[in-house]
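# Residue-level structure breakdown
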Amino acid sequence: MTILGLMASRADAAIIDWQAELQRCRTLRENIAPLLQAGEGISAVGRSNRSVRRCIWIQRIAVRRKIPGAEAW
């Protein structure tokens, strides 16, 4: 029984709430927009910030899966 409980919790953890993630990424993008406009490249910003790298990954997967509201960075 314990093993089934652990497997179920892992399966739930793997489910992505796409709309919440995309909204979080939009907010993050608005926050880093001044850096990008100042001439910093997305790769330079992404190397320094794990959440930016996650958002880039989320956006890529969402665009590939054609999730509504997804946009390429």
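A brief structural summary. All of these numbers come straight from a predicted model, not from anything done at the bench. (Residues numbered from 1 in each chain as written. Predicted model: local features only at pLDDT ≥ 70, side-chain atom pairs only at ≥ 80, totals over all residues. Heavy atoms only, no water.)

## A closer look at the nonpolar core
Counting residues in each nonpolar core, the largest one holds 12 residues, listed as Trp18, Leu22, Cys25, Leu28, Ile32, Val52, Cys55, Ile56, Ile58, Ile61, Ala62 and Ile67. Those elements that place two or more of their residues in this core are α2 (18-37) and α4 (50-64). If one sorts the elements of this core by residue count, α4 sits on top with 6 residues. (Core = buried A, V, L, I, M, F, W, Y, C linked by side-chain atoms within 4.5 Å. Buried < 20%, exposed > 50% of the residue type's maximum accessible area, 1.4 Å probe, protein only. Helix = DSSP H or I, 4+ residues; strand = E, 2+ residues; numbered from the N terminus.)

## With respect to the pattern of salt bridges
Pairing between side chains of opposite charge can happen when the charged atoms of each approach one another. Scanning the entire structure with this criterion turns up 3 salt bridges. Residue Arg24 pairs with Glu21 through a salt bridge whose shortest N-O separation is 2.9 Å. Here the residue Arg24 and the residue Glu21 both occupy positions in helix α2, the gap between them amounting to 3 residues, near one helical turn. One salt bridge in this structure joins Arg29 and Glu71, with 2.6 Å as the shortest N-O distance. Of the two residues, Arg29 is situated in helix α2 and Glu71 in the segment after α4; the sequence distance between them amounts to 42 residues. (Salt bridge = Lys/Arg side-chain N within 4 Å of Asp/Glu carboxyl O.)

## As for the packing of α2 against α4
The contact between α2 and α4 brings their axes to 10 Å, and the two run at 130°. Relative to α4, the element α2 is oriented oblique. Viewed along their axes, α2 and α4 form a crossing whose handedness is left-handed. For the pair α2 and α4, the contacting residues are Trp18, Glu21, Leu22, Arg24, Cys25, Leu28 and Ile32 in the first and Ser51, Val52, Arg54, Cys55, Ile58, Gln59, Ile61 and Ala62 in the second. Classifying every residue of the contact of α2 with α4 by side-chain character gives 10 nonpolar, 2 polar and 3 charged. (Axes fitted to C-alpha atoms, helices over the stretch in contact; angles between N-to-C directions. Parallel < 35°, antiparallel > 145°, perpendicular 65-115°, else oblique. Left-handed = near helix turned anticlockwise from the far one by under 90°. Contact = heavy atoms within 4.5 Å. Nonpolar A, V, L, I, M, F, W, Y, C, P; charged D, E, K, R; others polar.)

Purely spatial values, then, with no claim about function.
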